[in-house]
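# Examining the three-dimensional arrangement
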Amino acid sequence: MSKQINDIKTDPVISRLLERMPDKVSDSFSEEQLAHLRNAIGAREWGRHKVDLRGTVKFFKWRYYYVVLAGRNRRTLSEKELRMAVLMNAFLITSFVSFSILLGLVVLYLIKSALGINLIEGWSLGLWSWFKANVLS
């Protein structure tokens, strides 16, 4: 029985709960009480997402499910998850800055072309011609 209580005490939800209590109180819970606490708390945690999309898609004879959850992160991250989060943030920021610079250069090129300024005589990207033909007409 002691092994089972220790097993449920290693559950992340239960261990976070027990860490917030004095040792005398946390040691007083039985295995059954901890299991019921886990069910009650675990059911509540999954319901707190700003975005909660769930569904199924049929593909030939198989059905696949999808779940998209998004919201404030309340978990403590492991070292590996922290490294991955830093890499993802760096990638997203780099992508955003690169896209913004590219968009800015295109806008500047279009303004330059609209004003009739040629930086290199007889050479063009063809962007202004495409823009006049497809967007302005």
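Details of the structure are given in the entry above.
Throughout what follows, the structure given in this document is the object of discussion. This structure is a prediction, so every number in the text was calculated from the model and none was measured. (Residues numbered from 1 in each chain as written. Predicted model: local features only at pLDDT ≥ 70, side-chain atom pairs only at ≥ 80, totals over all residues. Heavy atoms only, no water.)

## Here we look at the overall build of the chain
Helix and strand counts for the chain come out as 6 helices and 2 strands. For a compact globule of 137 residues, the expected C-alpha radius of gyration is about 14 Å, and the chain comes in at 28 Å, more than 25% above that figure. Expressed along its principal axes, the backbone C-alpha trace of the chain runs to roughly 85 × 45 × 20 Å. Scored against the burial criterion, the 137 residues of the chain give a buried share of 11%. By sequence separation, contacts in the chain at least 24 residues apart represent 21% of the contacts at least 6 residues apart. Surface exposure of the chain reaches about 11800 Å², of which carbon and sulfur atoms provide 64%. Side chains of the chain carry 20 positive and 12 negative charges; the gap between the two charge centres is 10 Å. (Helix = DSSP H or I, 4+ residues; strand = E, 2+ residues; numbered from the N terminus. Rg over C-alpha atoms; globule rule 2.2 N^0.38 Å. Buried < 20%, exposed > 50% of the residue type's maximum accessible area, 1.4 Å probe, protein only. Contact = heavy atoms within 4.5 Å. Areas by Shrake-Rupley, 256 points an atom, 1.4 Å probe, with all protein chains shown as cover. Lys, Arg positive; Asp, Glu negative; His and termini not counted. Charge placed at Lys NZ, Arg CZ, Asp CG, Glu CD.)

## Some remarks on the layout of surface pockets
There is about 230 Å³ of room inside the second largest pocket. Tyr109, Lys112, Asn118, Trp123 and Ser124 are, among the 13 residues lining the second largest pocket, the residues nearest its centre. Those elements giving two or more residues to the lining of the second largest pocket turn out to be helix 5 (79–114) and helix 6 (127–136). Here the element with the most residues in the lining of the second largest pocket is helix 5; it accounts for 3 residues. For the lining of the second largest pocket, a count of residues per class yields 7 nonpolar, 5 polar and 1 charged. (1 Å grid on protein atoms, 1.4 Å probe; cavity = no way out; pocket = protein on both sides within 12 Å on 5 of 7 lines; lining within 4 Å. Points joined across faces, edges and corners; volume = space filled by probe spheres on them. Nonpolar A, V, L, I, M, F, W, Y, C, P; charged D, E, K, R; others polar.)

## Quick notes on helix 5
Spanning 36 residues, helix 5 covers 52 Å between terminal C-alpha atoms, matching the ideal 52 Å at 1.5 Å per step. Here helix 5 has its buried residues at Tyr109, Leu110, Lys112 and Ser113. Positive backbone phi, at 80°, marks Gly116, one or two positions downstream of helix 5. (Expected span 1.5 Å × (residues − 1).)

## Overview of the environment of Asn73
With respect to the helices and strands, the residue Asn73 is situated in the loop between strand 2 (62–70) and helix 5. Asn73 sits in the partly exposed class, given a relative accessible area of 40%. The sequence separation of Asn73 and His49 amounts to 24 residues, and the corresponding C-alpha distance is 9.5 Å.

## Details of the pattern of salt bridges
Pairing of side chains with opposite charge becomes possible as their charged atoms draw close. The full count for this structure, using the stated rule, is 3 salt bridges. Across the pair Asp27 and Lys9 runs a salt bridge whose closest N-O atoms are separated by 3.7 Å. Separated by 18 residues along the polypeptide, Asp27 in the loop between helix 3 (23–26) and helix 4 (31–45) and Lys9 in helix 1 (residues 2–9) bring together distant segments of the chain. The partner of Arg38 in a salt bridge is Asp11, with the nearest N and O atoms 3.1 Å apart. Separated by 27 residues along the polypeptide, Arg38 in helix 4 and Asp11 in the loop between helix 1 and helix 2 (12–19) bring together distant segments of the chain. What makes Arg38 partly exposed here is its relative accessible area of 27%. (Salt bridge = Lys/Arg side-chain N within 4 Å of Asp/Glu carboxyl O.)

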